[in-house]
Amino acid sequence: MPAGTGSRIKAFSAPGKVLLAGGYLVLDRDHNGLVFGLNARVNVVVQGLETSPGVQLNEIIVKSPQFMEAEWRYGYHLAGEDGGIQVTQLQVDKTLAQNKFVETTLSYVLTYLNRVSADTPSHAIPSTQITILADNDYYSHGDGTTTVAELNQNPHHPHHPHGSRLPHDGRFKAFASTLGGAHKTGLGSSAALVTSLVGALLSFHLPKEKFDISIPGHRQILHNLAQAAHCAAQGKIGSGFDVAAAVYGSCLYKRFSSSTIAQIPSPGNPGFGTSVYDTVTAGWDTEIKKGEGTGLRAGFVMRMADVDCGSSTVSMVKNVMMWRKEHPEASTQLWVSLQAANDILGKAIESDLYSESEVRAAFLNTRALLREMGDAAGVPIEPQSQKELLDAVSHKDGVLGGVVPGAGGYDAIALLVKDNEETKHNLEAFFEGWREDTGTNVKLLDVIGEVEGARLEDKLDQYRGWIYG
Ligand SMILES: Nc1ncnc2c1ncn2[C@@H]1O[C@H](COP(=O)(O)OP(=O)(O)OP(=O)(O)O)[C@@H](O)[C@H]1O
Ligand SMILES: C[C@@](O)(CCOP(=O)(O)O)CC(=O)O
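Analysis parameters
- Residues numbered from 1 in each chain as written.
- Chains lettered and ligands numbered in written order.
- Predicted model: local features only at pLDDT ≥ 70, side-chain atom pairs only at ≥ 80, totals over all residues.
- Heavy atoms only, no water.
- UniProt positions renumbered as here; feature names shortened; annotations may be inferred.
- Helix = DSSP H or I, 4+ residues; strand = E, 2+ residues; numbered from the N terminus.
- Buried < 20%, exposed > 50% of the residue type's maximum accessible area, 1.4 Å probe, protein only.
- Pairing = 2+ DSSP bridges.
- Expected span 1.5 Å × (residues − 1).
- Contact = heavy atoms within 4.5 Å.
- Phe/Tyr/Trp six-rings, centres within 6.5 Å; stacked < 30°, edge-to-face > 60°.
- Lys NZ or Arg CZ within 6 Å of the ring centre and 35° of its normal.

*Asks:* Help me understand the UniProt feature "domain: GHMP kinase N-terminal" (unreviewed entry) in the protein, please; the structure alone is not making it clear to me.
*Replies:* As annotated in UniProt, the feature "domain: GHMP kinase N-terminal" (unreviewed entry) corresponds to residues 184-249 in the numbering used here. Helix makes up 67% of residues 184-249 and strand 0%, whereas the separation of the span's terminal C-alpha atoms amounts to 20 Å.

Now the structure itself:
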């Protein structure tokens, strides 16, 4: 592992997700999910942390400068009994918020790095400073958005990173709230963050022979590490479609068996070191299909509208799964029908061989079966208000149809629309009218579907003003 110097820098990014078809079904390996990556990315920039000569400092400083009070400091050391690299937050203040996703990911990645360079003692993993920058659509922008111009007028603003001037291009917005207080839009910020943090750290600490994202086997390591760390931070094993989208971009996803990662001890506990390394380097039964069957017909784009309301995915999943267990025959029949409808929808939105009216019919078919599942399980998967919104917007010029993606509920909707400014303006006007008529706070997001997954970023200029000087 090369010694760290303050001048080294690596940046990595990973996209958000929208599960267009396969919500709930994708939890089961007999089915799959059609997930699209989004052009909203979480970027992570890792820089060397210069230490005075002779000072043995194991420290990682992480900041998320778009939010208030979002800086976390960690120490790390090699734990006994093969416990891997244990990461501990350096408490400067008892009220300091934790960031479970960052902390857990650091333990997993440093433990993996320590194994990859087995002959290097732990203190040789050099200290780093890390900046997280998320594209704006991950969070709803209410009155809480501070403009860059306001920040530049007031370099002493609590929010202003280092009192330096911020770039004016508006790529990244600053929020006048803490991360916990920000309202998420449900685009998978934690999966994109974990994936991008893993990728940035591997790129920073390993030579290209050992980690190169253009090599499929190395992308698989990124996937496995990110899935394992994300599940550990979440405290549960979901289907992992969000991490798959962050790593691979748009794909047809069949999940890994839960047993793949179920036995990993907690960071620092005996056996964690070997378990992480063996699990991450093993062959997983995840199936990722990219290319044909995961694209969009020419001239169309996936758009999202945020409904700024929110649903509890956890309790919705719990109730659907309970119903599935209690009604195995009826639910299996419905899941098989829904999978068939989703397969047709995937083909119809991609191929010109399907007419526009066939695409509309495919959307309606998937939606009807989703409602049937919701009614049977007593879960508002496509609630009445979302049904009315989807029905109305689907009749607008340039719109071929839409769904409640993922778990559904009162979150965002996803739409297949013509890729032109006129359609975008018409949609904005339609949602404005809908807000006035119904009081629903629905808003078109800027984000669109994007095929590409995680990538190394070489244009460091895009982070100017935000990263450590
Ligand atoms: N910009 C950021 N900077 C630092 N940490 C972040 C950032 N965005 C997200 N996180 C981490 O991810 C957590 C949010 O994860 P959570 O799974 O609740 O949301 P999500 O992944 O956006 O949800 P969904 O799957 O519904 O889209 C935060 O509490 C924080 O730990
Ligand atoms: C219901 C489920 O299949 C999808 C949840 O998707 P979302 O968080 O609503 O985007 C759960 C999962 O796959 O982990």
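Now that the structure has been shown, we can carry on.
*Asks:* Help me understand the pairing of strand S11 (residues 300-306) in this model?
*Replies:* Every regular strand shows the same layout, with side chains that alternate between the two sheet faces. Burial analysis of S11 places seven of its seven residues in the buried class, the great majority of the element. Side chains of S11 alternate between two faces, with Phe300, Met302, Met304 and Asp306 and Val301, Arg303 and Ala305 buried alike. Judged from the six bridges that link them, S11 and strand S13 (residues 413-418) form a sheet pairing that is antiparallel. Residue pairing for S13: Met302 is matched across the bridge by Leu416. Both S11 and strand S14 (residues 443-450) contribute to a ladder of three bridges, which runs antiparallel. Paired with Arg303 across the strands is Ile448, a residue of S14.

*Asks:* Before we go on, may I ask you to explain helix H9 (residues 328-350) in this structure?
*Replies:* An α-helical segment advances 3.6 residues per turn. Residues three or four places apart therefore align on the same side. Counted at 1.5 Å a residue, the expected span for H9 with its 23 residues is 33 Å, and the 33 Å between its end C-alpha atoms agrees. The inward-facing, buried residues of H9 contact strand S1 (9-21), strand S2 (33-48), helix H8 (313-326), helix H10 (356-377) and S13.

*Asks:* What exactly am I supposed to notice about the packing of aromatic side chains here?
*Replies:* Pairs of aromatic rings are described using the distance from one ring centre to the other and the angle between the two planes. Counting across every chain of the model gives eleven aromatic pairs. Plain terms: the ring middles of Tyr108 and Phe272 are 5.1 Å apart, the flat faces sit at 90° to each other, and that makes the pair edge-to-face. Here Phe272 lies in helix H7 (residues 272-281) and Tyr108 lies in helix H1 (residues 100-116), a separation of 164 residues in the sequence. Judged by relative accessible area, Tyr108 falls into the buried class, the value being 3%. Consider the rings of Tyr112 and Tyr277, whose centres lie 5.9 Å apart with planes at 20°: the pair is stacked. Within this pair, whereas Tyr112 is found in helix H1, its partner Tyr277 is found in helix H7, the two being separated by 165 residues in sequence. Over the ring of Phe204 we find Arg8; its NZ or CZ atom is 4.4 Å from the centre of that ring. Across the ring face of Tyr468, the terminal group of Lys63 is positioned such that the distance to the ring centre comes to 4.1 Å.

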